[in-house]
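Read off the chains here:
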Amino acid sequence: MGERLAKEVLSVVRKRPNARKISFVAHSLGGLVARYAIGRLYECVPKSEASVINGSHINEEKTNNLSQSLKHPCQGKIAGLEPMNFVTVATPHLGSKGHKQLPFLCGLPFLEKSAPQTAHLIVGRSGKHLFLTDDEEGKPLLLRMVNDTDDLKFISALRVFKRRVAYANANYDHMVGWRTSSIRRQSELPKSNLLVCDEKYPHIVHVEKESFDDVHNIVPSGQKVDWEGL
């Protein structure tokens, strides 16, 4: 699916030669598909060439700090465009294997242990990926997607987006657990007293905003996770 999405994005971009920026908003399994696709679409364009693509003056780099230019000799692009937003909603980033990753199993150990052996019978290859039972290239796909590989730059692709956000359902989502969709350990999830009773938005969880430095040191304590640390 990721390969097909990457090809579709390239097809759309070719039909829109005036396009300059690109964003992704994905739901559920689509978030994993989009993460794979951007790893395929990532390219590192030399800064001088990127300036021409963006319509900027070719000497634009001369105004930048020299040391920064040496540290970052190229500019990351997605399908040749400037990456803006990468947003996922209720995406099982950590897969579905483990404690309460698949809520409708009710956290029962015998069900959670048997699910990986039967998931592929119901949802095919995606089931193997989600329960980390695929052994392509000696490592499950979701584990390979937390790093760059020789031909797929998963983390480099995420890093070039100006804004990266993961939205997670705290309650009432029976397919994707709060932990896997917010990329946290079970012990790091906020307590239920963070639920806010708001007449207009009754299911919103309180969100504490962290600074850029905080994101590197602690796990955000709200419903929204900003991947600034990637």
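Per an unreviewed UniProt entry, the protein chain carries the name Alpha/Beta hydrolase fold containing protein and comes from Trema orientale.

## Some details on the overall build of the protein chain
For the protein chain, the count of helices and strands is 9 helices and 6 strands. Looking at the protein chain as a whole, 38% of its 230 residues are labelled buried. In the protein chain, of all internal contacts separated by at least 6 residues, the share reaching a separation of at least 24 is 70%. For the protein chain, the computed accessible surface area is about 13800 Å², with 55% contributed by carbon and sulfur atoms.

## Thoughts on helix α2 (residues 29-41)
With 13 residues, α2 extends 19 Å from end C-alpha to end C-alpha; this agrees with the ideal 18 Å at 1.5 Å per step. Counting buried residues along α2, 10 of its 13 residues qualify, which places the element largely inside the surrounding structure. Within α2, the full set of buried residues consists of Gly31, Leu32, Val33, Ala34, Arg35, Tyr36, Ala37, Ile38, Gly39 and Leu41.

## Re the nonpolar core
With 19 residues, the main nonpolar core has Val9, Phe24, Ile38, Leu41, Ile78 and Phe86 as its most contacted residues. Listed by contribution, the elements that provide at least two residues to this core are α1 (2-15), β1 (21-27), α2 and α7 (154-159). Take this core: its biggest share by element is 4 residues, from α2. Setting aside residues up to four positions removed in sequence, valine 9 forms contacts with Ile22, Phe24, Leu41 and Ala79. Judged by nonpolar contacts, the second largest core, of 10 residues, contains Tyr36, Leu102, Met145 and Phe154.

## Observations regarding unusual backbone geometry
Residue serine 28 is not a glycine yet carries a positive backbone phi of 55 degrees. Tracing the sequence through the fold places serine 28 in the loop between β1 and α2. With phi around 55 degrees, alanine 90 is a residue other than glycine that occupies positive phi space. With respect to the helices and strands, the residue alanine 90 is situated in the loop between β4 (82-89) and α5 (109-130). Given the relative accessible area of 2%, alanine 90 is considered buried.

## Some remarks on the environment of aspartate 173
As for its position among the elements, aspartate 173 is in the loop between β5 (163-167) and α8 (178-182). Take aspartate 173: its relative accessible area is 17%, and that puts it in the buried class. Excluding residues that lie within four positions of it along the chain, aspartate 173 makes contacts with Ala90 and Pro103. Within the structure, the side chain of aspartate 173 is placed 2.9 Å from the side chain of asparagine 169, a separation counted as a polar contact. A distance of 3.0 Å separates a polar side-chain atom of aspartate 173 from the backbone nitrogen of methionine 175.

Reading guide: rules and limits
- Residues numbered from 1 in each chain as written.
- Predicted model: local features only at pLDDT ≥ 70, side-chain atom pairs only at ≥ 80, totals over all residues.
- Heavy atoms only, no water.
- Helix = DSSP H or I, 4+ residues; strand = E, 2+ residues; numbered from the N terminus.
- Buried < 20%, exposed > 50% of the residue type's maximum accessible area, 1.4 Å probe, protein only.
- Contact = heavy atoms within 4.5 Å.
- Areas by Shrake-Rupley, 256 points an atom, 1.4 Å probe, with all protein chains shown as cover.
- Expected span 1.5 Å × (residues − 1).
- Core = buried A, V, L, I, M, F, W, Y, C linked by side-chain atoms within 4.5 Å.
- Polar contact = N/O pair within 3.5 Å; in protein donor to acceptor, adjacent residues only side chain to side chain.

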